Amino acid sequence: MSSWDRTVYSGGKLSDNCDHSSNKCNNATGAIGAVYGFAVLGAAVYFIQQSTSFWGGVWGLLKAIAWPAILMYKLLEILKM
């Protein structure tokens, strides 16, 4: 199986995002990955600028990586899900 013939399981049936006539796939993950990457980079710059020591900068870097998970946890906690 070639890389353009990846399939995605969704909705109880096997479907793919590929146009087999032109051998092209639409995985559509690049844009959201870029947005997430820029958000983590921006958070890292913010938290590191706010730190006053080396270990504060390390802690800021860890917070920048973990903030999406914390945000989702708090959101689901508020929505009681």
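In what follows, the structure referred to is the one given above.
This write-up is about the structure you can find in this document. What you see is a predicted model, and the numbers here were worked out from it, not measured in a lab.

Each value, and the rule that gives it
Residues numbered from 1 in each chain as written. Predicted model: local features only at pLDDT ≥ 70, side-chain atom pairs only at ≥ 80, totals over all residues. Heavy atoms only, no water. Helix = DSSP H or I, 4+ residues; strand = E, 2+ residues; numbered from the N terminus. Expected span 1.5 Å × (residues − 1). Buried < 20%, exposed > 50% of the residue type's maximum accessible area, 1.4 Å probe, protein only. Arc of directions from axis to C-beta. Contact = heavy atoms within 4.5 Å. Phe/Tyr/Trp six-rings, centres within 6.5 Å; stacked < 30°, edge-to-face > 60°.

1. Here's the deal with helix α1 (residues 30-50)
Between its first and last C-alpha, α1 extends 30 Å over 21 residues, near the 30 Å set by a 1.5 Å rise per residue. Along α1, the residues classified as buried are Val40, Ala43 and Ala44. On an axial view of α1, the arc spanned by its buried residues comes to 105°, and they lie on one face. Facing away from the buried surface of α1 by more than 90 degrees, the exposed residues are Gly30, Ala31, Val35, Phe38, Leu41 and Gln49. Looking at the packing, one finds that the buried side of α1 touches α2 (54-78).

2. Remarks on the packing of aromatic side chains
Applying the stated criterion across every chain, the model contains two aromatic pairs. When the centroid spacing of 5.4 Å and the interplanar angle of 65° are considered together, the rings of Tyr46 and Phe47 count as edge-to-face. The exposure class assigned to Phe47 is partly exposed, which follows from its relative accessible area of 23%. Look at Phe54 and Trp55: their rings are 5.0 Å apart centre to centre, the planes differ by 75°, and that puts the pair in the edge-to-face class.

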